[in-house]
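Here is how the chains run, residue by residue.
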Amino acid sequence: MFVLNFFAFYPKLQISLFSHFPDVELDNYSVDVGEKFLTEISENLHEYYAEQNVQNYAWRLQKLMKIVNNVKEIEREREEMMKLAELFDVFKIKLSDKDLFIC
């Protein structure tokens, strides 16, 4: 059984979010700080699993990454939908009864 807890999920989410912006160019200092941050949270996650006496936590990490990747896919689809909505002017609304809204 896979029980998702905050301490196990949050570091994976941080790792995913930090590495999610390949188009953003960072200076060397920011990259170094980010790498140190990723190393620290990875070590903390390992220590957490070691303290919990979890011998093989690779399957947990794989399931967590599946969740994170699903969230990324949902976000990508949402961004694509928003681009299409903007392209086809879906957000233009004609009010048939202006008394319904306080303008």
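Please read these numbers as outputs of a predicted model, since none were measured by experiment. (Residues numbered from 1 in each chain as written. Predicted model: local features only at pLDDT ≥ 70, side-chain atom pairs only at ≥ 80, totals over all residues. Heavy atoms only, no water.)

Q: I'm lost on helix H2 (residues 28-51) in this one. Help?
A: Three or four residues apart is the spacing at which side chains of an α-helix point the same way, because the helix has 3.6 residues per turn. Under the 1.5 Å per step criterion, the end-to-end length of H2 is 35 Å for 24 residues, consistent within 8% with the ideal 34 Å. Listing the buried residues of H2 in full gives Gly34, Leu38, Ile41, Leu45, Tyr48 and Tyr49. Just past H2, the residue Asn53 takes up positive phi, approximately 60°. (Helix = DSSP H or I, 4+ residues; strand = E, 2+ residues; numbered from the N terminus. Expected span 1.5 Å × (residues − 1). Buried < 20%, exposed > 50% of the residue type's maximum accessible area, 1.4 Å probe, protein only.)

Q: Explanation requested: a nonpolar patch on the surface in the structure shown.
A: There is a patch of nonpolar side chains on the surface, built from Leu84, Leu87, Phe88 and Val90 and spanning about 440 Å² of accessible area. Turning to its location among the elements, Leu84 is positioned in helix H3 (residues 58-87). (Patch = residues over 30% accessible without salt bridge, like charges linked within 9 Å, V, L, I, M, F, W, Y side chains within 5 Å. Areas by Shrake-Rupley, 256 points an atom, 1.4 Å probe, with all protein chains shown as cover. Salt bridge = Lys/Arg side-chain N within 4 Å of Asp/Glu carboxyl O.)

Q: Explain the pattern of salt bridges here, please?
A: Should the charged atoms of two oppositely charged side chains come close, the side chains can pair. In this structure the tally under the stated criterion is 3 salt bridges. A salt bridge links Arg78 to Glu75; the nearest nitrogen and oxygen atoms lie 2.9 Å apart. Here Glu75 and Arg78 lie together in helix H3, a separation of 3 residues that amounts to about one turn. Between Arg76 and Glu80 there is a salt bridge, and its shortest N-O distance comes to 3.0 Å. Residue Arg76 and its partner Glu80 are both found in helix H3; the two are separated by 4 residues, about one turn of the helix. Through salt bridges that share partners, Glu73, Arg76 and Glu80 make up one connected network.

Q: Explain H3 to me, please; I cannot follow it from the model alone.
A: Taking 1.5 Å of rise per residue, the 30 residues of H3 would be expected to cover 44 Å, and the 43 Å separating its terminal C-alpha atoms lies within 8% of that figure. Those residues of H3 that sit buried are Arg60, Leu64, Val68 and Ala85. Looking at the residues trailing H3, positive phi occurs at Asp89, about 50°.

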